[in-house]
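Here is how the chains run, residue by residue.
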Amino acid sequence: MTTSPVTRKRIRGGIGESPLRPDGIPKVTGNFAYASDLHAEGMLWAATLRSPHPRARITKLDTAPALAVGGVVAVLTQDDVPGRPGFGMHVPDQPVFAAGECNYWGEPIAVVAASDLETAKLGVAAIVVEYEVLEPLTDMEEADAADSQTRRMKIRRGDRTVSGAVSVEGYYEVGQQDQAPLGNEAGLAIPDGDGGVDLYAVSQWVHSDHWQIYPCLNLEPEQIRCHPVGMGGAFGSREDVSMHIHLCMLALRTGRPVKMMFDRAESFVGHVHRHPARMWYRHEADADGKLVKVEARLILDGGAYESSSNAVIANAAYFAMGPYLCDNVFIDSVAVKTNNPPAGAMRGFGGVQTAFGHEAQMDRLADELSIDRLEFRRRNALGQGDPMNSSGQIIEGSLPTAELIDELASMPIVEPLASDDPRHLPGGTGLTTNPDHVKRGMGYGVTIKNLAFSEAFDDYSDVRISLSPIGVEVYTAAAEVGQGMVTIIQQLAREVLKIEQVAVVWSDTNVIGSAGSTSASRQTQMTGGATYQCAVELRQQILDEFGGDDLSSEGVWRDGDLLVTLAEVCGGGAKEHEIRYRHPETFATDENGQGDPHPAFAVAAHRAVVDVDPELGLVRVVQLDTVQDVGKVLNPVAALGQIEGGALQGVGMAVLEELVVDKGVIKNPNFTDYLLPTFLDAPHIEVRFVEEPERWGPLGAKGIGEPPTISAGPAVYAAIQDAIGRHLHRVPVLPQHIVGSS
Amino acid sequence: MEITRPTSLVEALEARAEDPGADLLAGGTDLMVEVNFGHSRPEHVIALRRIAELAQIDGNRIGAGVTWARLEKSDHRALAQLARTVGSPQIRAAGTIGGNIGTASPAGDGLPWLAAVEAEIEVTSKDRGVRRLPCSEFFTGVKRNALAPDEVITAAILPENVPTNQEFAKIGQRSAMVISTVSACVVRDDDGTVRVALGSVAPTPLRATRAEALIAENPDPSEAVLAEFVRTVSAEVSPITDHRSTESYRRHAAGVLARRLLERCLAR
């Protein structure tokens, strides 16, 4: 046994600090390898033939002319799919290639691999296709009437015959937002020479890709390995398979590595979008300002294939009325199938659409009752121990809605406009607006979101930790899409093991089990939770083995003395431990939507201040004040970044971002006309955290990615209406809506 | 793809005469977008950036190769205003006024100003020398102009006395880096004559001549005249509905914007 004068070093970069991201400097200096930077010796380039019609029958498909183009190596269609003909997140309803019929504009029909990208595009152009153009189904209500839906979901809770002293009704529409990640889709498939393939392609969940790909390829699961890659954002657009099966098929057919990279226009058609929605609401309250009954009908357009529509519509229904107590709730919701661009996951996942509706309803009811709008929300705030308004589930975890509202009310309100700098006025550098044209408005958004997967889904994350004298390695298949998972994993491992050197090893599907998706605000709690628990168990195993009371980078300690060095602990190898981490079990609900479907919830509250030029319909979002329920702050800078970025995505949805879809055709698949907020459109954002620990997850931390996106938009929407003194029923709010022209 | 890189105008005109219809490349902020989208696959590009004489401002002559970054500092108030609304700083460092004229987009940011100050577009060819066309003759339709296949746009020629009282504004849905849904320029002479030009509300930059006449009759307009001015401008434009905006919003906004600019001119 060693006794030694060694002292334990203080560990930097633990919980509560904001250590530098290991990928931060490479990213800002251009040295980080994104999927689009992937390269392999002798690789081919691939391009995709896409349907020019939202709905058509393919009457002729001749690939021979493409194969005749010099440099073209392979052309594949649905006939070449070796296994299951389709794929999908939940059900495999989407064919690998359109065959027989095309169901949306941009649906893949064939892929071409060639010596270079230009040649691949020439090959695509040479394919002969003839279509019988069919009338597309593009109206969501017509689709509902025609019984073209993927899931109906109803909530029946309480007594429908009760009524309140006051009631308000409203109709709301939400346009189609796109995730618009800065990094386009890209991937590289490399054949292993043994009938299998390694795929490196953008993904929020490599195991889900894997489960969808290998049946289509008719391979054994271990013959295809999906690897995590560098990504510039995702926001839901990379949960679904896009180019993945195509790339694997081409690599296996040609025996050569094959690369594919979407350009911006192809990215807009090559991934799923947010569901556009139409919503009808009726809210009733008693004279004391307590909600008595909420009725709603919701339609979401899922486009041509199911993707995650069935989960999105459930979320829309469960969170149709926000974080407010109510005992009588009746909701009819439906996700319909049309020939519009497929909709799937996007940050907020169903709750974003309904938030615009329920928050507008809360304002109208408050006004009707002559109660302050924030006070009205406070009186109805849902909290821990209450039954969830939709499912009736008793909320066991933290839910500090009232605390958030109180904190928001205490934040100082931004000073009135005092500048004639055009950059601070509606219209910005366009010089459209004088200060005396401006009307100021203020609005609130208080919203709720479920955290992690719901409705009996077996939600887990696998983590393996390997400890050696040179440091700690954490193996995970979690997707780092830019959100900062890497630092959270490092910080949690450091905090427990007291070893500063922690590397995250992003691992493929043969190396480690699933981490679940980087979505649903779940990775901090799930893979963070797995990391924390795995580290705690590994530490305890080592302490038990050596009879110590503490572990650090020096070794195992007892009573302040170093017992054994880390090298001795590891005995020339590494100490390894692997766990599968699960959140509390959830359950499917009954035919009335009643039961315990959710593992946890989070709330967020926003106050928006906007300046509007009513005569021209121009808006400047001046300030967002926000309070968020975060459980515990693990990394203050990362938390701030998630909230600021998430809020700005909500601002974009309220005033700018919309895919313009005309009879199934996207009219603005580019950054010239799909307008994201610039820095000049970004308001000043004040953020406060409320820390009430969650019952599960690392140190009580909650997921934080989605809530700010949900609450910011409704706050801005309300503030615009406050400024102009008129109800508007659609987002994004466009200049023509504000001026009241058609 | 063949690329010719002349260093003088003479060389450029020779290349253009030899291969009429070869694509002209200045800043590339329009042409390269077309190429990247696959809408255009040029076989021969004549790159104009090395021609120093095109990039000069000489009195009332603005060379076609002058970039927006330079025009941001122009003494012509409205020209500087509009130059600041073109794209991003990177686009302004590359894009040129000649390119804006050549592309002849209805949304071209520079065009309402050129129309309002009554600039002429100077075009040059090897065989026929120099021609000068007023905006009303040069711009012939949506992305169409009177440039002959062997010609090069060489300059915008301003009249002798450009009024210093001039204002530009542009409506876009976003606060910066946005294509205009409506733009306007109002110029006021010392004698009270007013010229009003609008962008994105017709196939070509549009002079609101009836609205101009109204102010000529009422150089010190009352509220009633200003209201009539708004209605007249809205009646004179012929906008369309597309994915960026609607016909009726553009018609409404054109009138409001023109009035605001007129009032700014009248207040100076």
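Report on the accompanying structure.

### Describing the interface of chain B and chain A
Interface size is commonly expressed as the accessible surface area that is lost when the partners come together.
Part 1 of the argument: Opposite the 29 residues of chain B that make contact, chain A presents 37 residues.
Part 2 of the argument: For the pair chain B and chain A, the summed buried area comes to about 2700 Å², and 53% of that belongs to carbon and sulfur atoms.
Part 3 of the argument: At the boundary of chain B and chain A, one finds four salt bridges.
Part 4 of the argument: Among the salt bridges present, the one from glutamate 615 of chain A reaches arginine 260 of chain B, with a minimum N-O distance of 3.1 Å.
Part 5 of the argument: The tally of links from chain B across to chain A stands at 18 residue pairs in polar contact (both at pLDDT 80 or more).
Part 6 of the argument: Those elements giving two or more residues to the side of chain B that touches chain A turn out to be β11 (165-171) and α11 (247-266) of chain B.
Part 7 of the argument: Top contributing element to the side of chain B that touches chain A by residue count: α11 of chain B, with eight residues.
Part 8 of the argument: Within the side of chain B that touches chain A, the residues separate by chemical class into twelve nonpolar, eleven polar and six charged.

### What to know about the nonpolar core
Residue and element names in this part refer to chain A.
Part 1 of the argument: Leu291, Leu298, Val716 and Ile720 are the most contacted members of the largest nonpolar core, which totals 90 residues.
Part 2 of the argument: Looking at this core element by element, the count peaks at nine residues for helix α16 (residues 707-724).
Part 3 of the argument: Beyond its immediate stretch of four places on either side in the chain, leucine 291 contacts His283, Glu284, Ala285, Met321, Tyr324, Leu325, Cys326, Met362, Leu365, Phe376 and Asn380.
Part 4 of the argument: Core analysis: the second largest hydrophobic core is formed by 40 residues, Val502, Met526, Ile542 and Ala701 among them.

### Quick look at the packing of helix α15 (residues 636-655) of chain A against α16 of chain A
All names here are of chain A.
Part 1 of the argument: At a closest axis distance of 7 Å, the pairing of α15 and α16 adopts a crossing angle of 45 degrees. On the basis of the axis angle, α15 is oblique to α16. Judged by the twist between their axes, the crossing of α15 over α16 is right-handed. Residues Gln642, Ile643, Gly646, Ala647, Gln649, Gly650, Val651, Ala654 and Val655 of α15 pack against Pro708, Thr709, Ala712, Gly713, Val716, Tyr717 and Ile720 of α16.
Part 2 of the argument: Tallied by class, residues from the contact of α15 with α16 come to ten nonpolar, six polar and no charged.

### A closer look at the packing of aromatic side chains
Residues and elements named next belong to chain A.
Part 1 of the argument: Under the counting rule described, the total for this entry stands at 13 aromatic pairs over all chains.
Part 2 of the argument: A centroid spacing of 4.8 Å and a plane angle of 70 degrees characterise the contact between phenylalanine 32 and tyrosine 34, whose relative ring orientation is edge-to-face.
Part 3 of the argument: According to the relative accessible area criterion, tyrosine 34 is partly exposed, its value standing at 26%.
Part 4 of the argument: For the pair tyrosine 171 and tryptophan 280, a centre-to-centre distance of 5.0 Å together with 40 degrees between the ring planes defines the contact as tilted. Placement of the pair is tyrosine 171 in strand β10 (residues 166-174) and tryptophan 280 in strand β15 (residues 277-285), with a sequence separation of 109 residues.
Part 5 of the argument: By relative accessible area, tyrosine 171 is classed as partly exposed at 26%.
Part 6 of the argument: One cation-aromatic arrangement involves lysine 27 over phenylalanine 32; the distance from NZ or CZ to the ring centre is 4.7 Å.
Part 7 of the argument: A cation over a ring is seen here: arginine 464 above tyrosine 475, with NZ or CZ 5.0 Å from the ring centre.

The rules behind these values
- Residues numbered from 1 in each chain as written.
- Chains lettered and ligands numbered in written order.
- Predicted model: local features only at pLDDT ≥ 70, side-chain atom pairs only at ≥ 80, totals over all residues.
- Heavy atoms only, no water.
- Contact = heavy atoms within 4.5 Å.
- Buried area = accessible area lost by both parts, 1.4 Å probe.
- Salt bridge = Lys/Arg side-chain N within 4 Å of Asp/Glu carboxyl O.
- Polar contact = N/O pair within 3.5 Å; in protein donor to acceptor, adjacent residues only side chain to side chain.
- Helix = DSSP H or I, 4+ residues; strand = E, 2+ residues; numbered from the N terminus.
- Nonpolar A, V, L, I, M, F, W, Y, C, P; charged D, E, K, R; others polar.
- Core = buried A, V, L, I, M, F, W, Y, C linked by side-chain atoms within 4.5 Å.
- Buried < 20%, exposed > 50% of the residue type's maximum accessible area, 1.4 Å probe, protein only.
- Axes fitted to C-alpha atoms, helices over the stretch in contact; angles between N-to-C directions.
- Parallel < 35°, antiparallel > 145°, perpendicular 65-115°, else oblique.
- Left-handed = near helix turned anticlockwise from the far one by under 90°.
- Phe/Tyr/Trp six-rings, centres within 6.5 Å; stacked < 30°, edge-to-face > 60°.
- Lys NZ or Arg CZ within 6 Å of the ring centre and 35° of its normal.

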